[in-house]
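Structural features, examined
What follows is each chain in one-letter form.
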Amino acid sequence: MAIQPIDLQVLYTQLENVSKTVAAQQQGAQLTSAIQQDEHGKRLAEKSTIVQKTSETEEEVAIIKDHQDAKNTPSFAGEKEQHTDEQPEPQKPAFEYVSDPELGQHIDVSG
């Protein structure tokens, strides 16, 4: 089946419409990609500025506050005498802070 001249005439007139449609599709794909990248960048920037919540539970906070309150309350002599009979075993601290007394005292300026 051969191509008739009328068929070519119709094809050439529709060629402009087809090229506009293809160009619009390509630009649409590029535009959506650019929008997605922009939104992703905004989410990353927002995520970096948000303060993260600590993993402390309310129980841990309450224990720490109770411990600090116990240190800050004044004790009376009568209370000390009552507690001398019941000596609880001393608990080891979770970590030990060690400091060098000469730390920062000597500065090497020779390079």
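Just so it is clear, the model here is predicted, and its values are computed rather than measured. (Residues numbered from 1 in each chain as written. Predicted model: local features only at pLDDT ≥ 70, side-chain atom pairs only at ≥ 80, totals over all residues. Heavy atoms only, no water.)

1. Comments concerning the overall build of the protein
Of regular secondary structure, the protein possesses three helices and zero strands. When the elements of the protein are put in sequence order from the N terminus, they spell out α-α-α. With the model as given, the accessible surface of the protein reaches about 11,700 Å², and the carbon-plus-sulfur share is 56%. (Helix = DSSP H or I, 4+ residues; strand = E, 2+ residues; numbered from the N terminus. Areas by Shrake-Rupley, 256 points an atom, 1.4 Å probe, with all protein chains shown as cover.)

2. Here we look at the pattern of salt bridges
Evaluated as defined, the whole model comprises two salt bridges. Between E16 and K20 there is a salt bridge, and its shortest N-O distance comes to 3.4 Å. Here the residue E16 and the residue K20 both occupy positions in helix α1 (residues 5-49), the gap between them amounting to four residues, near one helical turn. Close ionic contact of D38 with K42 constitutes a salt bridge, the shortest N to O distance being 3.7 Å. Highlighted residues: D38 and K42, both in helix α1, separated by four residues, approximately one helical turn. We classify D38 as partly exposed; its relative accessible area is 42%. (Salt bridge = Lys/Arg side-chain N within 4 Å of Asp/Glu carboxyl O. Buried < 20%, exposed > 50% of the residue type's maximum accessible area, 1.4 Å probe, protein only.)

3. A few points about a nonpolar patch on the surface
Residues I3, L8, L11, Y12 and L15 make up a contiguous nonpolar surface patch of about 560 Å² in total accessible area. For L11, a relative accessible area of 53% corresponds to the exposed category. (Patch = residues over 30% accessible without salt bridge, like charges linked within 9 Å, V, L, I, M, F, W, Y side chains within 5 Å.)

4. What about the confidence of the model for the protein?
The predicted coordinates of low-pLDDT regions are not to be read in fine detail. Considering every residue of the protein, the mean pLDDT works out to 78; 73% of them sit at 70 or more. Of all secondary-structure elements in the protein, the lowest mean pLDDT belongs to helix α3 (residues 77-85), at 51, while α1 reaches the highest, 91. (pLDDT = per-residue confidence, 0-100.)

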